[in-house]
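Chain residues, written in single-letter form:
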Amino acid sequence: MTAIATEMQVLLIEDNPADAELTMDALRESHLENRVLWLKDGAQAIDHLFGEEAAIHIQRIKLILLDLQLPRVNGLEVLRRIRNETQTRRLPVVILTSSQEESDVIRAYDLGTNSYLVKPVDYDSFITIVKELGLYWMLLNKSPGESK
Amino acid sequence: MDAIQAGKRAKTALPTPRLTVPLLTAGFLVVIGVTASWRQGDDAIRLALAVANNQAKLQALSEIERDVRESESNARGYIITGNQAFADQQHQANQELQATFKRASQLLHDSPSQAASIETLNNAISSKQALIQSSIALRKQGNIAAAKEIVNWPSIEAMRQLQTILDHLQGQSNNQLEANKRKLNQASLWARSLEFVTGAGLLGLLISSGLMYQHQSKTIQAATKLIGESESLFRSLFEQAAMGRALRSMQGECQANQAYISMLGYSQRELTSMDAKALIIPEDLDQWECAKADLLAKKLIAARLSLRYKHKFGSHLWIEESLQLLRNSDGEPIQWISTILDISKQKRLEAERRELALYTRSLIEANPDTMINIKQDGTIQDVNEAMVMATGMERKQLVGQDFSSYFSDPEKARMGYQKVFADGYVKDYGLQMRHRSGSLIDVLFNARIFRNETGVVAGIIAVARDISERKRLERELNNLNESLEKRVTERTAELKAANEELEAFSYSVSHDLRAPLRAVDGFSRKVMLAYGDKLDQEGLRLLGVVRQNAVRMGKLIDDLLAFSRLGRREMHFVAVSMQDLAESSATELIELEPGRQINFSCEAIAPCQGDPAMLKEVWMNLLSNAIKFTRHNNPAQIHVGSRIEGESTIYWIQDNGAGFDMAYADKLFGVFQRLHSQEEFEGSGVGLALSQRIIHRHHGRIWGESQIGQGATFSFTLPLQRLSPSLGDHP
């Protein structure tokens, strides 16, 4: 648990600070709050993933939580880039959005998302699903190249 | 027919023998023979008389010689003997000689050459006699020697001379006799020939006459037989003819056949005493009288009339009458022959046919479409009034003209009717007809060939419809369509823009509006968690209200989005078991109300065609309403069923809940329209609006019936027949 905690990160790409805070509240309950790297828009995400030291950054990413409605570069574009690049294509990406639009769901899956979650308005529900997804993806899910 | 055959038979059995030539020849021979015989007879008599004369001459001449020699020998006897007896006998001989000579001289007078010799003969006789007398006289004197002398020499010489004359005359007479005998022989030969010719002629005449008689008698026999046959034929024709026939003498006596009697209804007896005029209706009497007058005046041989007769019982008959006047060999009229045929039926049919023709013609003329009858060569045979109007030409100008000359494109018109002759018809063949004024009318031709009674193509009946108005409307419509299309394009673009805007809006709503709500709720919660101990009860309640409303607004947003999405959602029509949908929805919903007693019953309800997901939403909405509004009724009664009415199935959900005021029934299905307060019954007011939209998209209707406190019944219909899903309407 400690080894994972020091190395691996949740990359949260979310423009809304309230949602980001609530997300981190939820992840805190899973004791994952220190592993979260919060990027506030798509451009930052692109820069982080494909800019300088991208390889080092990518190495540390265990899960990407991606909002769709993002300033500058939107979430679907970010997802497309992730899936197009060899070094990022196998990273688990979970869409965490307020959009219930079927079209968004379909496009996200077409672009290769690993999961699609709609943020509930209700606080308790929200906390519950984010906590559970954190646990699942960070602790239970096995990614390629992991020793354990 | 039979009479003709009988005549033919008689002719072939008795060919007229060719007797004229033999008859004439025989007659000629007889005439020639008789004439020739007549003449030949005269000749023969004459010749016979001549022969007899000649023979008498020869007789007389030989008697002269005999008498002379008698006289001489007696003289000699006397001279020698002196016996007086000799002298007496000589004298007697002398007397006889005188008589004989007289007879001979008469006979000899017929021939002139011999008449001349009579004197010579007389002289010779006289001189001989003189010598004899002188010798006798001498003897008497007794001079016997002298007497002997005279008798010896001069008398011998005189005798010789006489003998010579007699010989000459006898020779002549003999020659004449021979000649006459020859002639007589010839004449008799001729006479025999003539007799033969005459006989042959007579025989010929006899035979010819016999043959002719035989022929005549055979002809008469055949003719008699024929007359007999033809009379019986005539009798039977007269009696049994389908045509009525009456023979009426000049005195008016009438003899009618059965057909005549049955045609007019009068008996033979009645007819006999009736004036023929009484049989004919007064209007038609004139022509009948005229015909009779013409026949009497020999202006006509037979009259053919078409007039009306009166039946005994009053009805009028159209009669075709053939009236003839029979005359005897002197040309005197003897009787009328009236042959009548009842043509009332034909007349009636004719009238019907005329009426039909008139009716048909009226139909043709009344037709507002142009009608033309075209011959094989393309000329117009007939037109109707519409054609006259369409071309501005007179009917008689049109008939006989080339069809194609009345069109703006004659070649196309020609091809049109040629196509009809080739294919049998044309359909909606477009042409432009030219009015005399030059204006053009758009027409559509429908044409078909027609045949005469024998099945031969007699021409084309072409019907043209003036479609200029239609064309104008079409153009107008096209213009309208174009502008409409343009407007539609514009509108579509606008709509598309609006739609995109709406989509962006919905997106914003779903995403951006909910985020703040989540923040409101989330951060209220955080306040409660972090600062709950610092707030009093009222403070916590107020935060609770904030959170409640945030959640409610989230729900409203979700429903609104669902409603807006519905219009755009594609429908998948399949067979749907409404029973399953209703029951599963009810089960799901009742499970959410564990504390309540809800009696749900479902009849066997009809399946339908539709989008199962959408129909499920309808059941969910209607049943959740029923469950919600029966909250205060324990136990809740919810009853579901269906029935078929006309072309659709009606599904209904009945509850024993709160019900609603029918005064506001029209508001039931409006978005966000609610008939109950939020405190009484919570809800967004979207559920029924959503249900209505789904039912409308299935070509159905939905309505609610209720009384306050009496429960409510919601019904919706779905068509029995599957209809294509209606396109989504945009909110």
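As a reminder, the structure under discussion sits directly above these lines.
Everything quoted here is computed from the prediction, not taken from an experiment.

Looking at this structure, how should I read the sheet that holds strand β5 (residues 333-342) of chain B?
Paired through backbone hydrogen bonds, the strands of a sheet run either parallel or antiparallel to each other. Residues and elements named next belong to chain B. Strand order in the open sheet made by the five strands is β2-β1-β5-β4-β3, with antiparallel pairing throughout. Strands at the two margins of the open sheet, each flanked by one partner only, are β2 (254-256) and β3 (302-310). When strand polarity is set aside, the average angle formed by the axes of neighbouring strands in this sheet is 25 degrees. Bridging between strand β1 (residues 244-249) and β2 involves three bridges; their strand directions are antiparallel.

Could you clarify how one ought to interpret the sheet that holds strand β3 (residues 61-66) of chain A in this entry?
All names here are of chain A. Strands sit in the order β2-β1-β3-β4-β5 across an open sheet of five strands; the sheet is parallel. The open sheet has two free edges, formed respectively by β2 (36-39) and β5 (115-118), since each of these has just one partner strand. Neighbouring strand axes in the sheet, compared pairwise and without regard to direction, differ in orientation by 20 degrees on average. Where helix α2 (residues 17-29) meets the sheet, it contacts β1 (9-13), β2, β3 and β4 (93-97), and its direction lies at approximately 170 degrees from that of β2.

Just to check I follow, could you spell out the interface of chain B and chain A for this structure?
It is common to give the size of an interface as the accessible area that goes away when the parts come together. On the side of chain A, 23 residues touch chain B, which itself brings 22 residues to the contact. Between chain B and chain A, the buried area comes to about 2,000 Å², and carbon and sulfur atoms account for 51% of it. Where chain B meets chain A, there are six salt bridges. Between Arg518 of chain B and Asp19 of chain A there is a salt bridge whose closest N-O contact spans 2.8 Å. Applying the counting criterion to the chain B and chain A interface returns seven residue pairs in polar contact (both at pLDDT 80 or more). Among the secondary structure elements, those contributing two or more residues to the side of chain B that touches chain A are α14 (468-531) and α15 (537-568) of chain B. Of the residues that constitute the side of chain B that touches chain A, the class distribution is eight nonpolar, five polar and nine charged.

Could you clarify how one ought to interpret the side chain of Thr100 of chain B in this entry?
Residues and elements named next belong to chain B. On the secondary structure map, Thr100 appears in helix α3 (residues 84-108). A polar atom in the side chain of Thr100 sits 2.7 Å from the side chain of Asp67. Aside from chain neighbours lying at most four places away, what touches Thr100 is Ala60, Glu63, Ile64 and Asp67.

Would you explain the packing of α2 of chain A against helix α7 (residues 123-140) of chain A in this entry?
Any two packed helices are characterised by the angle at which their axes cross and by the distance between the axes. All names here are of chain A. One can describe the packing of α2 onto α7 by two numbers: an axis separation of 8 Å at closest approach and a directional angle of 60 degrees. Classed by the angle they form, the pair α2 and α7 counts as oblique. Judged by the twist between their axes, the crossing of α2 over α7 is right-handed. Contacts between α2 and α7 involve Asp19, Leu22, Thr23, Asp25, Ala26, Leu27 and Glu29 from the first element and Tyr123, Phe126, Ile127, Val130, Lys131 and Gly134 from the second. Of the residues in the contact of α2 with α7, the class split is seven nonpolar, two polar and four charged.

Please explain the pairing of strand β7 (residues 380-383) of chain B as it appears in this structure.
Remember that side chains alternate between the two faces of the sheet whenever the strand is regular. Residues and elements named next belong to chain B. Pairing of strand β6 (residues 370-374) with β7 involves three bridges; the strand directions are antiparallel. Bridge assignment links Asn373 to a residue of β7, and that residue is Asp382. What sits between β6 and β7 in their antiparallel hairpin is a turn of five residues, with Gly378 showing a positive phi close to 90 degrees.

Sorry if this is basic, but what is going on with α2 of chain A here?
Residues and elements named next belong to chain A. Along its 13 residues, α2 runs 18 Å from first to last C-alpha, staying within 8% of the 18 Å computed at 1.5 Å per residue. Taken together, the buried positions of α2 are occupied by Ala18, Asp19, Ala20, Leu22, Thr23, Asp25, Ala26 and Leu27. The opening residue of α2, the one whose side-chain oxygen lies 2.9 Å from the backbone nitrogen of Ala18, is Asn16.

The rules behind each value
Residues numbered from 1 in each chain as written. Chains lettered and ligands numbered in written order. Predicted model: local features only at pLDDT ≥ 70, side-chain atom pairs only at ≥ 80, totals over all residues. Heavy atoms only, no water. Pairing = 2+ DSSP bridges. Helix = DSSP H or I, 4+ residues; strand = E, 2+ residues; numbered from the N terminus. Axes fitted to C-alpha atoms, helices over the stretch in contact; angles between N-to-C directions. Contact = heavy atoms within 4.5 Å. Buried area = accessible area lost by both parts, 1.4 Å probe. Salt bridge = Lys/Arg side-chain N within 4 Å of Asp/Glu carboxyl O. Polar contact = N/O pair within 3.5 Å; in protein donor to acceptor, adjacent residues only side chain to side chain. Nonpolar A, V, L, I, M, F, W, Y, C, P; charged D, E, K, R; others polar. Parallel < 35°, antiparallel > 145°, perpendicular 65-115°, else oblique. Left-handed = near helix turned anticlockwise from the far one by under 90°. Expected span 1.5 Å × (residues − 1). Buried < 20%, exposed > 50% of the residue type's maximum accessible area, 1.4 Å probe, protein only.

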